[in-house]
Amino acid sequence: MKYLILVAILSISFLSCKKEGCNNEDGCDIQETYAENALKVSIQNGIWGTVSSMEGNCMPSVPATASSCTNCPVKRTVKIYDYTLFSQAIPSVDSPVFFDSFSTQLIAEVNADEDGFFQVNIPAGRYTVVIVENGKLYASEGDGQGGLNPITYTNGLQNVNLKMTYKAVF
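Notes on the structure follow. Owing to the predicted nature of the structure, the values given are computational and were not obtained by experimental measurement.

**Here's the deal with the overall build of the chain**
Consideration 1: Scanning the chain for helices and strands turns up 2 helices and 12 strands.
Consideration 2: Scanning the chain from its N terminus toward the C terminus, one meets helices and strands in the order α-α-β-β-β-β-β-β-β-β-β-β-β-β.
Consideration 3: Sorting the 170 residues of the chain into buried and exposed places 41% on the buried side.
Consideration 4: Put simply, the chain shows about 9800 Å² of open surface, and 55% of that area lies on carbon and sulfur atoms.

**Examining the environment of Val110**
Consideration 1: Take Val110: it is sitting in strand S6 (residues 106-111).
Consideration 2: Separated by 10 residues in the primary sequence, Val110 and Val120 place their C-alpha atoms 6.9 Å from one another.
Consideration 3: Aside from chain neighbours lying at most four places away, what touches Val110 is Arg76, Thr77, Val78, Phe118, Gln119 and Val120.

**Description of unusual backbone geometry**
Consideration 1: At Asn134, a position not held by glycine, the phi torsion is positive, near 50°.
Consideration 2: By the secondary structure assignment, Asn134 is in the loop between strand S8 (125-133) and strand S9 (136-138).

**Comments concerning the packing of aromatic side chains**
Consideration 1: Counted under the stated rule, the structure contains 6 aromatic pairs.
Consideration 2: Their ring planes at 80° and their centres at 5.7 Å tell us that Phe86 and Phe99 sit as a pair that is edge-to-face. Taken as a pair, Phe86 in the loop between strand S3 (77-82) and strand S4 (89-91) and Phe99 in strand S5 (residues 98-102) lie far apart in primary sequence, 13 residues in all.
Consideration 3: With centroids separated by 5.9 Å and ring planes inclined at 55°, the aromatic side chains of Phe99 and Phe102 adopt a geometry described as tilted.
Consideration 4: Taken together, the ring pairs in this structure connect Tyr81, Phe86, Phe99 and Phe102 into an aromatic cluster.

**Considering the pattern of salt bridges**
Any two side chains of opposite charge can pair, on the condition that their charged atoms come close.
Consideration 1: Tallying each qualifying case throughout the model produces 7 salt bridges.
Consideration 2: Note that Lys40 and Asp113 form a salt bridge whose closest N and O atoms lie 2.9 Å from each other. Placement of Lys40 in the loop between helix H2 (30-38) and strand S1 (46-57) and of Asp113 in the loop between S6 and strand S7 (117-120) is noted, with a sequence separation of 73 residues between them.
Consideration 3: Between Lys79 and Glu109 there is a salt bridge; the shortest N-O distance is 4.0 Å. Residue Lys79 is found in strand S3, and its partner Glu109 is found in strand S6; the two are separated by 30 residues along the sequence.

Thresholds applied
Residues numbered from 1 in each chain as written. Predicted model: local features only at pLDDT ≥ 70, side-chain atom pairs only at ≥ 80, totals over all residues. Heavy atoms only, no water. Helix = DSSP H or I, 4+ residues; strand = E, 2+ residues; numbered from the N terminus. Buried < 20%, exposed > 50% of the residue type's maximum accessible area, 1.4 Å probe, protein only. Areas by Shrake-Rupley, 256 points an atom, 1.4 Å probe, with all protein chains shown as cover. Contact = heavy atoms within 4.5 Å. Phe/Tyr/Trp six-rings, centres within 6.5 Å; stacked < 30°, edge-to-face > 60°. Salt bridge = Lys/Arg side-chain N within 4 Å of Asp/Glu carboxyl O.

Below, the structure is given as structure tokens:
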């Protein structure tokens, strides 16, 4: 009888966790956080989004199975620089995704809240958006032309969700 109850509870837990990055143990549901953070936007022009951190085994599997992958919001500082090329950055030792500094102009800096939410007014332009992690600049994306974490902002509101993946395995 105890076995059947345990199987039923586990089945319900796995079935209720439909979204990627959902982990019932820590209560983190990144899709729900994205939706809640969208309601916090109070600017008319600029970028806004959620800073999150992925951890664990995030390899997709067929058929889908439970994994240790989590994607949870984190409170971090977000820095927006003029569009920055890899050649304009000083890489941290032994890491392709962390940088000590950029030689480009810092345009804005904003702190994300405990739900990872941030928003900032910026003029139209091409930018590099990074997360500050342990005093280093985290930039894991590129544009194929040497640009680090690039975005192009024209006007209105633009959603820019930032995800740190250095603690995840793919």
